[in-house]
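Below are the chains, spelled out letter by letter.
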Amino acid sequence: MVSNDAKNTLRKETFIMNNKKNNKQKNIRDFNRLVELYKQSEEYFLYKASTQASIEASLTNHLLPYFGKTQLVNLDTSLIESWLYTLKATPPLKGGCDEEHLSESTIYNLWILLRKILDFACAKNMLIDNPCSSVSWDIRPHLPSYAPSFIYDIFEFDKFLDQLFSQKKLAGKVKNALLALLILRSNTTVAKIYTLKWSDFNVKTRSITNQASNISLILDDLSLMLLQQHKVYQDEWLNKHPAIKNTENYIFISTRYKHNDTIAKAPHANSFYTWLRNHNKKNDNDLISVRSLQLMGKVYEMD
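What you are looking at is a predicted structure, and each value in this text was computed from that prediction instead of being measured.

Conventions adopted
Residues numbered from 1 in each chain as written. Predicted model: local features only at pLDDT ≥ 70, side-chain atom pairs only at ≥ 80, totals over all residues. Heavy atoms only, no water. Helix = DSSP H or I, 4+ residues; strand = E, 2+ residues; numbered from the N terminus. Contact = heavy atoms within 4.5 Å. Areas by Shrake-Rupley, 256 points an atom, 1.4 Å probe, with all protein chains shown as cover. Pairing = 2+ DSSP bridges. Phe/Tyr/Trp six-rings, centres within 6.5 Å; stacked < 30°, edge-to-face > 60°. Buried < 20%, exposed > 50% of the residue type's maximum accessible area, 1.4 Å probe, protein only. Lys NZ or Arg CZ within 6 Å of the ring centre and 35° of its normal. Salt bridge = Lys/Arg side-chain N within 4 Å of Asp/Glu carboxyl O. Core = buried A, V, L, I, M, F, W, Y, C linked by side-chain atoms within 4.5 Å.

Turning our eyes to something else, we now look at the overall build of the chain. Helix and strand counts for the chain stand at 12 helices and 3 strands. A fraction of 61% describes how many contacts in the chain between residues 6 or more apart in sequence connect residues 24 or more apart. Carbon and sulfur atoms make up 53% of the accessible area of the chain, which amounts to about 16800 Å² in all.

Moving on to the pairing of strand β2 (residues 207-210). Pairing geometry for strand β1 (residues 201-202) and β2, over 2 bridges, is antiparallel. Following the sheet pairing, Asn202 is matched in β2 by Ser207. As consecutive antiparallel partners, β1 and β2 are separated by 4 residues, and within that stretch Arg206 has a phi angle of approximately 55°, a positive value. Two elements, β2 and strand β3 (residues 215-218), share 4 bridges in a ladder whose sense is antiparallel.

Glancing now at the packing of aromatic side chains. Under the counting rule described, the total for this entry stands at 11 aromatic pairs. Look at Trp237 and Tyr257: their rings are 5.9 Å apart centre to centre, the planes differ by 40°, and that puts the pair in the tilted class. Placement of Trp237 in helix α10 (residues 221-240) and of Tyr257 in the loop between α10 and α11 (270-282) is noted, with a sequence separation of 20 residues between them. Judged by relative accessible area, which is 22%, Tyr257 ranks as partly exposed. Connected via pairs of aromatic rings, a cluster forms that spans Phe31, Tyr66, Phe67 and Trp83. Its guanidinium or amino end placed over the ring of Trp198, Lys231 lies 5.3 Å from that ring's centre, counting from NZ or CZ.

Strands sit in the order β1-β2-β3 across an open sheet of 3 strands; the sheet is antiparallel. The open sheet has two edge strands with one neighbour each: β1 and β3.

Moving on to the pattern of salt bridges. Enumeration over the complete set of coordinates arrives at 7 salt bridges. Across the pair Arg185 and Asp220 runs a salt bridge, and its minimum N-O distance is 3.6 Å. Here the residue Arg185 occupies a position in helix α8 (residues 171-186), and Asp220 occupies one in the loop between β3 and α10, the gap between them amounting to 35 residues. Here Arg185 falls in the buried class, since its relative accessible area comes to 13%. In this structure, a network of salt bridges that share partners links the residues Lys39, Glu56 and Lys258.

Okay, the nonpolar core next. Among the nonpolar cores identified, the biggest contains 37 residues, and Ile193, Leu227, Phe252, Phe272 and Leu293 are the most heavily contacted of them. Sorting the residues of this core by element identifies α7 (154-165), α8, α9 (190-193), β3, α10, α11 and α12 (290-299) as the ones contributing at least two each. Once residues within four sequence positions are removed from consideration, Phe272 is found in contact with Asn176, Leu179, Ala180, Ile183, Val190, Tyr194, Val290 and Leu293. Ile55, Ile80, Trp111 and Leu113 belong to the second largest nonpolar core, which has 33 residues in total.

In structure tokens form, the structure reads like this:
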């Protein structure tokens, strides 16, 4: 078996040789530049907007701060293993107690993203092989297995709804209350709801229909009120940020952008879960997942 040290030495020699031969990729020397090239690839282009938003957040918050300035020639298995150890002690970016750390699923998804980017580098002959492949089995993240989702009993569920809709009608609270209600009514995922566009909404029939996401809803009075109020808040935000254009006409857009961004994008799929967790902590409720909302929508016949 070839040792990791021998693989790393061969990887460095191959990287140097390929950069001498390939003028097009000659300037792709560090992880930052590799990510820029990856985001121009066909693979990245074919991802849904919500997936791209999730990838962008993962890169900005976790991969680029650690690997960004690392020369590809020095990006080896030992560095990746050190990063994985760091992730297991990393607290969530928003909310949570000091002793909390990133979830197993978040760490697993970050690991998969890094592997994909380095596989891309191998396909472009910038690396001889993917250093992730040599990470020890005991260290590498694995797909977590989950217990059945917890749901509220009918009294806890009524309490949750009362808390949800008695909040002050601020922009973020209206948006997340609307999201919660749409999940309860449609039993679908946050990512699919983030693909909805204003053109999917029919004022006359009070319905939202999107065949691609298999969503078809007739809105009740509360849902309609929240949707209309959300539209007012969204228009106000876009007027205050004229550089950002909602060209895709999304019902839900992110409010976090870089200084040179001009196109509105779908929010990060994890942003709603972060809000849900913090909302339940604030109100001293048992913590539930987004999947729990979907199940409660079926159990309590919200559709």
